[in-house]
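A closer look at the structure
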Amino acid sequence: MVKLGKDNDKSPLPANKLVPLKRPKENRGTEEAASKALKTAKTSPARAKEASKKKFDLQASITKTREFLLSVWQELKKVHWPTRREVLIYTGVVLAAVGLVTLIIWLADSIFSQILRFILKV
């Protein structure tokens with residue numbers, strides 16, 4: 001319900017000044033869409049059977065595959081490929097990082113093992 005006007009005393013409006021809301025047209029459209037969806041859901045198995053009856057089009061699939069591979073080749077041309085020297089440098093950085101993390105984990109494990117041995121007095 002919508003309130004019309006303003007009361008100066010801030011009290012609720014009397015019932016005679018309340019107007020019921022009208023239903024928006026958008027909701028009506030969604031109901032129509034829902035009913036159409038139900039109707040098409042009933043006919044979709046028939047459409048599925050029709051689609052499965054269609055013959056396999058070899059020429060169209062070859063054309064689509066060719067277009068896909070050509071677009072892949074075009075994208076691969078845009079890639080910045082690293083030089084041999086860059087690959088060796090990046091590999092060295094990765095191996096150094098792995099070695100550093102391994103050392104940190106080994107040190108933490110050794111320290112915690114000593115702490116636990118001291119606590120448990122084994």
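Residues numbered from 1 in each chain as written. Predicted model: local features only at pLDDT ≥ 70, side-chain atom pairs only at ≥ 80, totals over all residues. Heavy atoms only, no water.

**Structural notes on the overall build of the protein chain**
The number of helices and strands found in the protein chain is three helices and two strands. Order of helices (α) and strands (β) in the protein chain, N terminus to C terminus: β-β-α-α-α. Counting all 122 residues of the protein chain, 1% fall into the buried class. Summing over all exposed atoms, the protein chain offers an accessible surface of approximately 12,100 Å²; the carbon and sulfur share of this is 66%. (Helix = DSSP H or I, 4+ residues; strand = E, 2+ residues; numbered from the N terminus. Buried < 20%, exposed > 50% of the residue type's maximum accessible area, 1.4 Å probe, protein only. Areas by Shrake-Rupley, 256 points an atom, 1.4 Å probe, with all protein chains shown as cover.)

**Some points on the confidence of the model for the protein chain**
For the protein chain, the mean per-residue pLDDT works out to 78, and 55% of the residues sit at or above 70. The least confident element of the protein chain, judged by mean pLDDT, is strand β1 (residues 2–3) at 53; the most confident is helix α3 (residues 84–120) at 97. (pLDDT = per-residue confidence, 0-100.)

**A few points about the pattern of salt bridges**
Across all of its chains, the model carries one salt bridge by this definition. Between Glu75 and Lys78 there is a salt bridge whose closest N-O contact spans 3.3 Å. Here Lys78 and Glu75 lie together in helix α2 (residues 58–78), a separation of three residues that amounts to about one turn. In this structure Glu75 comes out as partly exposed when scored by relative accessible area, which is 47%. (Salt bridge = Lys/Arg side-chain N within 4 Å of Asp/Glu carboxyl O.)

**Focus on a nonpolar patch on the surface**
A cluster of nonpolar side chains, namely Leu100, Leu103, Ile104, Trp106, Leu107, Ile111, Phe112, Ile115, Leu116, Phe118, Ile119 and Leu120, defines an oily patch on the protein surface of about 1,300 Å² accessible area. When you line up the elements, Trp106 lands in helix α3. (Patch = residues over 30% accessible without salt bridge, like charges linked within 9 Å, V, L, I, M, F, W, Y side chains within 5 Å.)

**Some remarks on α3**
Between its terminal C-alpha atoms α3 stretches 54 Å, which fits the 54 Å expected from 37 residues at 1.5 Å a residue. Where α3 terminates, the next one or two residues include Lys121, which has phi positive at roughly 50°. (Expected span 1.5 Å × (residues − 1).)

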